[in-house]
Amino acid sequence: MNILKILDKLSDDKFFTTEASRLDTITNITSFGKKAAVAAIPLGLGVLMTTPVKGETTNAENSMAFKSTLTDALQLALVLEYLEDEYYRIGLGTSGLIPNADRTVFMQISKHETAHVAFLKSALTSLGENPGAKPTFDFTAKGNFSPFTDYSQFLVLAQAFEDTGVRAYKGQAGNVMSNKDVLTAALQIHSVEARHASQVRRMRANKGWIELANGGNMPSATNAVYAGEQNTNQAGFNTASAFGAEAGSASYDEPMSGSDAQAIASLFIA
């Protein structure tokens, strides 16, 4: 079965020709506080490996290790796509929440996320793995947000989810390299998620890219999404000395570890 066929749904981007609305700076949004309780993602994910298998191993053991690494990465991606898919589905189904001028944008993003969920479930099944069940989400994060009654907060979380997705896909690239088809599809999804993130950021009157670790008018509760983005050293090249700290950091997006992506997603799992 060709698991890439399902990505054909991503080709219809005509709705993005609609001019995005601009919002005033978001202020006075409720913060989680200094610490947030992190629940475990209910998928039984193994440790997401980022290094080659060490020691004396047989070919069969190596094959099993690569499969575990690959399927764990796909299960993590599925959780993040479940989250985005349901978030936009609820938002679009909430009367009066999304202004008419913005609905076409979120309708198209929602279609993309649904396609991503379908692809990941298909990929896992083709690898002999049962796709994890969709978690029960709490998009208020235990009462700290009201995204379905306040459009400003809806956009805040949309930006946080999309920026997380971009970094998480990048962070798992090495873990899906053992399967060329999956790697190709993951890279295709990654670039689409980056387009989503840039679009939503501009709808909030932010730049489409991230400078330093500044998400752009975001509450402190989302700091984990942008932690590490201030890095200006790329493979020994000091981008800050060449272009300045802001431009240097913005020139390279940073990956996010699987554990950090899990922690962020867990904040919104009941």
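Nothing here was measured: the structure is a model prediction, and the numbers come from that model.

Draft legend 1. Structural context of the overall build of the chain. A count of helices and strands for the chain gives eight helices and two strands. Written out in order from the N terminus, the α and β elements of the chain read α-α-α-α-α-β-β-α-α-α. Classification of the 270 residues of the chain by burial places 46% in the buried group. Restricting to contacts in the chain with at least 6 residues of sequence separation, those with at least 24 account for 79%. Carbon and sulfur atoms make up 53% of the accessible area of the chain, which totals about 13,100 Å².

Draft legend 2. Spatial organisation of the packing of aromatic side chains. Summed over all chains, the structure comprises 15 aromatic pairs. Ring geometry for Y88 and F154: centres 6.4 Å apart, planes at 75°, overall edge-to-face. In this pair, Y88 is assigned in helix 1 (residues 59-93) and F154 in helix 3 (residues 151-171), connecting sequence segments 66 residues apart. Y88 gets classed as buried once you look at its relative accessible area, which sits at 1%.

Draft legend 3. Region of interest: the packing of helix 2 (residues 100-126) against helix 3. The geometry of helix 2 relative to helix 3 is characterised by a closest axis approach of 14 Å and an angle of 35° between their N-to-C directions. Between helix 2 and helix 3 the crossing geometry is left-handed. Here D102, F106, I109, E113 and L120 of helix 2 lie close against helix 3, whose contacting residues are Y151, F154, L155, A158, E162 and Y169. Here the residues of the contact of helix 2 with helix 3 sort into eight nonpolar, no polar and three charged.

Draft legend 4. Structural context of empty space enclosed by the protein. One pass over the structure, following the stated rule, counts three cavities of 30 Å³ or more. The space that makes up the largest cavity amounts to roughly 100 Å³. As for the largest cavity, its lining consists of A73, L74, L76, A77, L80, A168, Y169, Q172, A173, V176 and A186. Residue assignment for the lining of the largest cavity shows that the elements contributing at least two residues are helix 1 and helix 3. At five residues, helix 1 tops the list of elements feeding residues into the lining of the largest cavity. Taken together, twelve residues line the second largest cavity, and the ones lying closest to its centre are A221, T222, V225, I264 and F268.

Draft legend 5. Representation of the environment of L212. Mapped onto the elements of the fold, L212 is located in the loop between helix 4 (180-203) and helix 5 (223-226). A relative accessible area of 28% places L212 in the partly exposed class. If we ignore the near neighbours within four places in the chain, the residues touching L212 are E229, Q230, A245, E246 and S249.

Draft legend 6. How the structure looks around the environment of N217. If you trace the backbone, N217 turns up in the loop between helix 4 and helix 5. It is 8.4 Å that separates the C-alpha atoms of N217 and R204, two residues lying 13 residues apart in sequence. A distance of 3.4 Å separates the side chain of N217 from the side chain of N206, its partner in a polar contact.

Draft legend 7. Region of interest: a nonpolar patch on the surface. Side chains of F237, F243 and Y252 sit close together on the surface and give an oily, nonpolar patch of about 300 Å² of accessible area. By the secondary structure assignment, Y252 is in the loop between helix 7 (245-250) and helix 8 (258-266). Given a relative accessible area of 34%, Y252 falls into the partly exposed group.

Draft legend 8. Inspection of the nonpolar core at higher detail. Residues L74, Y87, F106, Y151, F154 and F268 are the most contacted members of the largest nonpolar core, which totals 56 residues. Residue assignment for this core shows that the elements contributing at least two residues are helix 1, helix 2, helix 3, helix 4, helix 5 and helix 8. Ranked by the residues each element gives to this core, the list is headed by helix 1, at 13 residues. Ignoring anything within four residues of it in the chain, the contact list for L74 reads L120, A123, L124, L127 and V182.

Draft legend 9. Representation of helix 2 within the structure. Helix length check: helix 2 (27 residues) gives 40 Å between terminal C-alpha atoms against 39 Å at 1.5 Å per residue, within 8%. Immediately beyond the C-terminal end of helix 2, within one or two residues, lies G128, with a positive phi of roughly 80°.

About the cut-offs
- Residues numbered from 1 in each chain as written.
- Predicted model: local features only at pLDDT ≥ 70, side-chain atom pairs only at ≥ 80, totals over all residues.
- Heavy atoms only, no water.
- Helix = DSSP H or I, 4+ residues; strand = E, 2+ residues; numbered from the N terminus.
- Buried < 20%, exposed > 50% of the residue type's maximum accessible area, 1.4 Å probe, protein only.
- Contact = heavy atoms within 4.5 Å.
- Areas by Shrake-Rupley, 256 points an atom, 1.4 Å probe, with all protein chains shown as cover.
- Phe/Tyr/Trp six-rings, centres within 6.5 Å; stacked < 30°, edge-to-face > 60°.
- Axes fitted to C-alpha atoms, helices over the stretch in contact; angles between N-to-C directions.
- Left-handed = near helix turned anticlockwise from the far one by under 90°.
- Nonpolar A, V, L, I, M, F, W, Y, C, P; charged D, E, K, R; others polar.
- 1 Å grid on protein atoms, 1.4 Å probe; cavity = no way out; pocket = protein on both sides within 12 Å on 5 of 7 lines; lining within 4 Å.
- Points joined across faces, edges and corners; volume = space filled by probe spheres on them.
- Polar contact = N/O pair within 3.5 Å; in protein donor to acceptor, adjacent residues only side chain to side chain.
- Patch = residues over 30% accessible without salt bridge, like charges linked within 9 Å, V, L, I, M, F, W, Y side chains within 5 Å.
- Salt bridge = Lys/Arg side-chain N within 4 Å of Asp/Glu carboxyl O.
- Core = buried A, V, L, I, M, F, W, Y, C linked by side-chain atoms within 4.5 Å.
- Expected span 1.5 Å × (residues − 1).

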